[in-house]
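Here is how the chains run, residue by residue.
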Amino acid sequence: FIVVDPKVDDDVKDAWDASSDEESEDISDSVKKDSSEEPKVEVKKTAPAKDEGGSEETSSEEDSDSEDGSDSEEQDDKTAAERTREKAEERIRAADMDLKIPGLLIIDTPGHESFSNLRNRGSSLCDIAILVVDIMHGLEPQTIESINLLKQKKCPFIVALNKIDRLYDWQTMNRKDIRDVLKSQASNTQMEFDQRSKAVIVEFAEQGLNAALFYENPDPRSYFSLVPTSAITGEGMGNLLALIVEYCQVKLPKRLMYSDELQATVLEVKAIPGLGTTIDVILVNGTLKEGDTMLVAGTDGPIVTQIRSLLMPQPMKELRVKNAYVEYKEVKAAQGVKIAAKELEKAIAGLNLYIAVKPDEVEVMRDEVARELRSALSSIKLQERGVYVQASTLGSLEALLEFLKVSKIPYSGIRVGPVVKKDVMKASIMLEHEPQYATILAFDVKVEKDAQELADSMNVEIFQADIIYHLFDKFMAYREQLKQKKREEFKNIAVFPCRLRVLPQFVFNSRDPIVCGVMVEAGILREGTPICVPSKEFVDIGIVTSIENNHKAVETARKGMEVCIKIDPIPGQSPKMFGRHFDETDFLVSKISRQSIDACKDYFRDDLVKTDWQLMVELKKLFQIL
């Protein structure tokens, strides 16, 4: 074991006691039922795009927008969430602990490494986090990034050591304490678990953090707890929730104190049949009432509207899943709430929601919302030449831009919202400068019909996808297609640099055409290359029309190769002769021009290696090309 000195990360250690110095302070003294809010728990998934383990046990049911489009049936008349709660209650009773917090509000964040901004936003909202680590893979790049975010925000977290069911010969045992489940496994399974869990602990130590299995934790203030879990079987979920409840009640009582000052963030904008466009909001502090005047950021400026209805899912259901919603006149923090109101079609997710109590507050808050949006967008640096990017939310826009930045794809324009004619006009500017960038990358947004028609008529490509990778693949395929088209177009203009020496014993024909053996001294010789002799006043010999190596036709010959070439005379010029116009003492070089150099740079850069470009520079000086 590598044990890290607890003093290394005092800021992380003190996160548990951000509100209180006394570890044993009980929630009953400081948090009353009417003055406490639900602790906000963030789930930081760190696995790549798809979870191998299927839907998580803590979800209430499968998302009803699944492939078959139907709601999943509940087994045993209980949802997965209800079964998990029962397991948690069993663990709480076993620990002889009083349950005093009203509940847990869980925010799930994407695990894909491009969505760091969304994980960052989640870290700002939550009181405690669950860091999901795959026991089979350990700490991945996005896991380390999440750890750094949590350290930066001084947010306490518990580690869910997930996918224990993937251990060899694992035997599932539901409704049991995870310690008992581990003890009941075969010795080889226990050994593999010990080996893999110790490897994860070492990886945490490398990040400057002490970690231990929750039942072996010597000091919760210095060591982060690892809870073995399986999302697919539900094993360990009860222990995980019981541990969260215990930490919230003992460690975070003052952090969970309710405040009347409104703090709410728009997480998602979604159209719901029968309700129109709605927004999903995380209410961190304060109260929302039906009829309140609210302000949110929109694509065309701040949106001022009245709350028509406050909707929440039925108990133990998920906000994202289609269910019969329960309508409330008033909602108090902390809650996830769906708000139905007019004119939300152009609302932007990822920014704060404001409530204007008095009419004269509207203008002040309108300015504040506009300033927030400007601030969020001004941090994005645009290039003079690049693609036009659009996304459904500010968070997904930032995620896509980060992905493009890493992929070295420049972007010249951005917008949040559906693709309209104005966007096509902006993207079409690139047709004059860089046609490959006259494209719109539309991430999770719809394209208006008239915008698509305009794009088709102006040769602006619109790529649409709900997954970043798919959007990237479509654009790269289009870019490659354009490149191949241009390469074909400039094939006869681009001249590769080469220097040749004639092998006098292999001159088979001295005139019209010249057929001889040559040694490629430097560069790359290919069919279609015009050849001249610098030492004989740059006399043009002709154009290489074929190359043979060991009696086999080849398209190119590189440095060090001895090949036989056929040089045809340039149309309209008198044929040149070996022995009269040049001999074996003269070097032959490819005749380059400014136009051919530019064509090589733009379309054949990857075909030439460093030494080829060095020869290109030498020939450029030789031919006195500016």
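Just so it is clear, the structure is predicted and the values come from calculations on it, not from any experiment.

**Quick word on the overall build of the protein chain**
Within the protein chain one finds 16 helices and 27 strands. Intrachain contacts of the protein chain at a sequence separation of at least 6 include 71% that bridge at least 24 residues.

**Some details on the packing of helix H15 (residues 594-603) against helix H16 (residues 610-622)**
Their axes nearest at 12 Å, the elements H15 and H16 cross at an angle of 165°. Classified by the interaxial angle, the pair formed by H15 and H16 is roughly antiparallel. The handedness of the crossing between H15 and H16 comes out as left-handed. Residues Arg594, Ile597, Cys600 and Lys601 of H15 form the contact with H16, whose participating residues are Trp613, Met616 and Lys620. The class makeup of the residues in the contact of H15 with H16 is four nonpolar, no polar and three charged.

**Focus on helix H10 (residues 394-406)**
In this model H10 runs 19 Å from its N-terminal to its C-terminal C-alpha over 13 residues, within 8% of the 18 Å that 1.5 Å per residue would give. Within H10, 10 of the 13 residues are buried, which leaves it mostly tucked inside the rest of the structure. Restricting attention to buried positions, one finds in H10 the residues Leu394, Gly395, Ser396, Leu397, Glu398, Ala399, Leu400, Leu401, Phe403 and Leu404. Following H10 by one or two positions, Lys408 has its phi on the positive side, about 60°.

**Remarks on a negative patch on the surface**
Together, Asp450, Glu453, Asp456 and Glu461 line one region of the surface with negative charge. Looking at which element gives the most residues to the negative patch, the answer is helix H13 (residues 449-458), with three residues.

**Points about the nonpolar core**
Formed by 48 residues in total, the largest nonpolar core has its most connected members in Phe157, Phe204 and Ile244. For this core, the secondary structure elements donating two or more residues are strand S3 (128-134), helix H5 (141-153), strand S4 (157-162), helix H6 (178-183), helix H7 (187-206), strand S5 (210-213), strand S6 (223-228) and helix H8 (237-251). Per-element accounting of this core gives the leading share, eight residues, to H8. Ile380, Tyr411, Ala438 and Ile468 belong to the second-largest nonpolar core, a separate cluster that totals 37 residues.

**So, the pattern of salt bridges**
Pairing is possible between side chains of opposite charge, provided their charged atoms come close. This model, assessed by the stated rule, comprises 18 salt bridges. Notably, a salt bridge pairs Asp606 with Lys483, separated by 3.3 Å at the nearest N-O pair. Residue Asp606 is found in the loop between H15 and H16, and its partner Lys483 is found in helix H14 (residues 468-489); the two are separated by 123 residues along the sequence. Classification of Asp606 by relative accessible area gives exposed; the value is 63%.

**Some words on the confidence of the model for the protein chain**
This prediction gives the protein chain a mean pLDDT of 79; 81% of its residues lie at or above 70. Of all helices and strands in the protein chain, the one with the weakest mean pLDDT is helix H2 (residues 27-30) (38), whereas H7 scores best (94). Considering only residues more than four positions removed or in separate chains, one finds that residues 1-35, a stretch of pLDDT under 50, has 74 contacts. Overall, residues 46-78 carries pLDDT values under 50, and its contacts beyond four positions in sequence, including any with other chains, amount to 73 contacts.

**Observations regarding unusual backbone geometry**
Of note, the amide linkage connecting Asp512 to Pro513 takes the cis form, showing an omega dihedral of -5°. Positionally, Pro513 belongs in the loop between strand S20 (498-509) and strand S21 (514-526). Even without being glycine, Glu343 reaches a positive phi, approximately 60°. Even without being glycine, Glu537 reaches a positive phi, approximately 55°. Along the chain, Glu537 falls in the loop between strand S22 (530-533) and strand S23 (539-549).

**Concerning the sheet that holds strand S18 (residues 439-443)**
Strand order in the open sheet made by the four strands is S17-S16-S18-S19, with parallel pairing throughout. Strand pairing shows two members of the sheet lacking a second neighbour, strand S17 (411-416) and strand S19 (461-465), which therefore form its edges. Direction aside, neighbouring strands of the sheet carry axes that sit 20° apart on average. Direction of pairing for strand S16 (residues 387-391) relative to S17: parallel, over a ladder of five bridges. Among the inter-strand pairings, Val387 is bridged to a residue of S17, identified as Tyr411.

**Structural notes on the environment of Gln383**
Within the secondary structure, Gln383 sits in the loop between helix H9 (361-378) and S16. Residue class for Gln383 comes out partly exposed when judged on its relative accessible area of 44%. For the pair Gln383 and Gly413, spaced 30 residues apart in sequence, the C-alpha separation works out to 8.1 Å. If we ignore the near neighbours within four places in the chain, the residues touching Gln383 are Pro410, Tyr411 and Ser412.

**Focus on H13**
Within H13, the full set of buried residues consists of Ala451, Leu454 and Ala455. The buried residues of H13 occupy one face: seen down the axis, they fall within an arc of 100°. Residues of H13 that are exposed and angled more than 90 degrees away from the buried face: Lys449, Asp456 and Ser457. If you follow the buried residues of H13, they end up packed against helix H11 (421-428) and S19. Immediately downstream of H13, the backbone of Asn459 shows phi near 60°, a positive value.

**Topic: the side chain of Ser230**
Looking at the element boundaries, Ser230 is found in the loop between S6 and H8. Ser230 sits in the buried class, given a relative accessible area of 0%. There is a polar contact of 2.9 Å between the side chain of Ser230 and the side chain of Thr233. Excluding residues within four positions of it along the chain, Ser230 makes contact with Asn162, Lys163, Ile164, Asp165, Glu235 and Met237.

**Here we look at the environment of Glu434**
In this structure, Glu434 sits in the loop between helix H12 (430-433) and S18. Taking the C-alpha atoms as reference points, Glu434 and Arg385, 49 residues apart in sequence, are found 7.1 Å from one another.

**Overview of the packing of aromatic side chains**
Going through the model one piece at a time under the given rule, you end up with 11 aromatic pairs. Among the aromatic side chains, those forming a connected cluster through ring pairs are Phe403, Tyr469 and Phe472. A cation over a ring is seen here: Arg499 above Phe587, with NZ or CZ 5.9 Å from the ring centre. Over the ring of Trp613 we find Arg605; its NZ or CZ atom is 5.8 Å from the centre of that ring.

**Quick look at the pairing of S16**
Among the five residues of S16, five are classified as buried, and the element is accordingly described as predominantly covered. Of the two faces of S16, both are covered, the one formed by Val387, Val389 and Ala391 as well as the one formed by Tyr388 and Gln390. The pairing of S16 with S18 spans four bridges and is classified as parallel. By the bridge assignment for S18, Tyr388 is matched with Ile440.

How each quantity is defined
- Residues numbered from 1 in each chain as written.
- Predicted model: local features only at pLDDT ≥ 70, side-chain atom pairs only at ≥ 80, totals over all residues.
- Heavy atoms only, no water.
- Helix = DSSP H or I, 4+ residues; strand = E, 2+ residues; numbered from the N terminus.
- Contact = heavy atoms within 4.5 Å.
- Axes fitted to C-alpha atoms, helices over the stretch in contact; angles between N-to-C directions.
- Parallel < 35°, antiparallel > 145°, perpendicular 65-115°, else oblique.
- Left-handed = near helix turned anticlockwise from the far one by under 90°.
- Nonpolar A, V, L, I, M, F, W, Y, C, P; charged D, E, K, R; others polar.
- Expected span 1.5 Å × (residues − 1).
- Buried < 20%, exposed > 50% of the residue type's maximum accessible area, 1.4 Å probe, protein only.
- Patch = residues over 30% accessible without salt bridge, like charges linked within 9 Å, V, L, I, M, F, W, Y side chains within 5 Å.
- Areas by Shrake-Rupley, 256 points an atom, 1.4 Å probe, with all protein chains shown as cover.
- Salt bridge = Lys/Arg side-chain N within 4 Å of Asp/Glu carboxyl O.
- Lys, Arg positive; Asp, Glu negative; His and termini not counted.
- Charge placed at Lys NZ, Arg CZ, Asp CG, Glu CD.
- Core = buried A, V, L, I, M, F, W, Y, C linked by side-chain atoms within 4.5 Å.
- pLDDT = per-residue confidence, 0-100.
- Pairing = 2+ DSSP bridges.
- Arc of directions from axis to C-beta.
- Polar contact = N/O pair within 3.5 Å; in protein donor to acceptor, adjacent residues only side chain to side chain.
- Phe/Tyr/Trp six-rings, centres within 6.5 Å; stacked < 30°, edge-to-face > 60°.
- Lys NZ or Arg CZ within 6 Å of the ring centre and 35° of its normal.

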